[in-house]
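So the chains spell out like this:
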Amino acid sequence: MYRRCGFRYEKKLRAIGVARIAGIDEAGRGALAGPVVAAAVILPERFRHRKLNDSKQLAPELREKVYVDITSNVEIIWAVGVVDHLEIDRINILRATHKAMRAAITSLFTPPDHVLIDGLPVFPFPFPQTAIIDGDCYSLSIAAASVIAKVTRDMMMRDFCARFPEYCFSQHKGYSTELHLTKLHEFGPCPIHRRSFEPVAQPLLALEALTAAYQARCFGGEAGGQVPASERL
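Rules and cut-offs
Residues numbered from 1 in each chain as written. Predicted model: local features only at pLDDT ≥ 70, side-chain atom pairs only at ≥ 80, totals over all residues. Heavy atoms only, no water. 1 Å grid on protein atoms, 1.4 Å probe; cavity = no way out; pocket = protein on both sides within 12 Å on 5 of 7 lines; lining within 4 Å. Points joined across faces, edges and corners; volume = space filled by probe spheres on them. Helix = DSSP H or I, 4+ residues; strand = E, 2+ residues; numbered from the N terminus. Nonpolar A, V, L, I, M, F, W, Y, C, P; charged D, E, K, R; others polar. Contact = heavy atoms within 4.5 Å. Polar contact = N/O pair within 3.5 Å; in protein donor to acceptor, adjacent residues only side chain to side chain. Phe/Tyr/Trp six-rings, centres within 6.5 Å; stacked < 30°, edge-to-face > 60°. Buried < 20%, exposed > 50% of the residue type's maximum accessible area, 1.4 Å probe, protein only.

**Q** I'm lost on the layout of surface pockets in this one. Help?
**A** To find leftover empty space, one rolls a probe the size of a water molecule over the atoms. Of the pockets and cavities examined, the largest pocket occupies roughly 330 Å³. Around the largest pocket, the lining is made up of 19 residues, and of these Glu26, Asp54, Ser55, Lys56 and Asp136 lie nearest the centre. At the level of elements, β1 (21–27), α5 (135–138) and α6 (140–163) are the ones that each hand at least two residues to the lining of the largest pocket. Here the lining of the largest pocket gets 3 residues from one element, more than from any other, and that element is β1. Within the lining of the largest pocket, the residues separate by chemical class into 4 nonpolar, 5 polar and 10 charged.

The following block contains the structure:
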């Protein structure tokens, strides 16, 4: 359902003397490949934008235009935090998302007095916070952060597509689409896939099983055997 974003949460905070209010959101939490990206944004009090809304409710072309409008506005303070696939596998996606959020908020040139966070509270966190479920639908500050996080990550995934064209990352951005799952099962995981995510782990297990079966056939199950030169790929 379409909801119009506004400054209702920001106005409540300003009414009690809070001046600098940042919105924060992430992109890529549910993807099977690539980083998770968070953005933090402080909008000026009198900011207006007719098209800004939750990034998921914007067509890609409009989202990129809004991104340019926001990032080129000298009155807007913004920053991003990025946590790569290796760190996601090491600490899990929830901790990685929170780490990206903390990196984004602490990278702001001017620190905020309060932060509006999309979703649930983040602990620990360096600034006072208000968590808002579906916050990117209600808060313009969070919506701006959602657009920056999404477009930033999409650009990164297009760059990865140039390195790994067989996975078509520019089309699905690493999410669990039918196309991505087909490519994943056809080619197995590539270096930016998240090994701790089950749809990625299953092709890995299948590959390991095939390798073990091949070694057993060639060497009678002996550990450490070498593939004969005539059968090497």
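**Q** What am I meant to see in the environment of Thr71 here?
**A** Along the chain, Thr71 turns up in helix α2 (residues 60–71). A sequence separation of 73 residues divides Thr71 from Ala144, and the C-alpha atoms of the two residues are 9.6 Å apart. With near-sequence residues (within four places) excluded, Thr71 lies in contact with Trp78 and Ile148. In terms of polar contacts, Thr71 uses its side chain to reach the backbone carbonyl oxygen of Tyr67, at 2.8 Å.

**Q** What is the right way to read the side chain of Arg63 from this model?
**A** Topologically, Arg63 is positioned in helix α2. Within the structure, the side chain of Arg63 is placed 2.9 Å from the backbone oxygen of Ser55, a separation counted as a polar contact. Filtering out sequence-adjacent residues up to four positions away, Arg63 remains in contact with Ser55, Leu58, Val147, Lys150, Val151 and Asp154.

**Q** Explain the packing of aromatic side chains to me, please; I cannot follow it from the model alone.
**A** Each aromatic ring pair is characterised by the separation of its centres together with the angle its planes make. Tallying each qualifying case throughout the model produces 2 aromatic pairs. Summarising the aromatic geometry, the rings of Tyr167 and Phe169 are spaced 5.6 Å apart at their centres and angled 15° between planes, so their arrangement reads as stacked. Residue Phe169 is classed as buried on the basis of its relative accessible area of 0%. Measuring from centroid to centroid gives 5.9 Å for Tyr167 and Phe187, while their planes differ by 65°, and the two rings are edge-to-face. Taken together, the residues span a long stretch of sequence, with Tyr167 in the loop between α6 and α7 (169–172) and Phe187 in helix α8 (residues 178–187) at a distance of 20 residues. In textbook terms, an aromatic cluster arises when at least three aromatic residues are bridged by ring pairs, as seen for Tyr167, Phe169 and Phe187.

**Q** How should unusual backbone geometry be read in this particular structure?
**A** The phi torsion of most residues other than glycine is negative, and most of the peptide bonds are trans. Along the chain, Phe123 connects to Pro124 via a cis peptide bond; the corresponding omega equals -10°. One can find Pro124 in the loop between β4 (114–118) and β5 (129–132). If you check the backbone angles, Asn92 has positive phi at about 90° while not being a glycine. Following the sequence through the fold, Asn92 ends up in the loop between α3 (85–91) and α4 (93–106).

Keep in mind that these numbers describe shape and distance, not what the molecule does.
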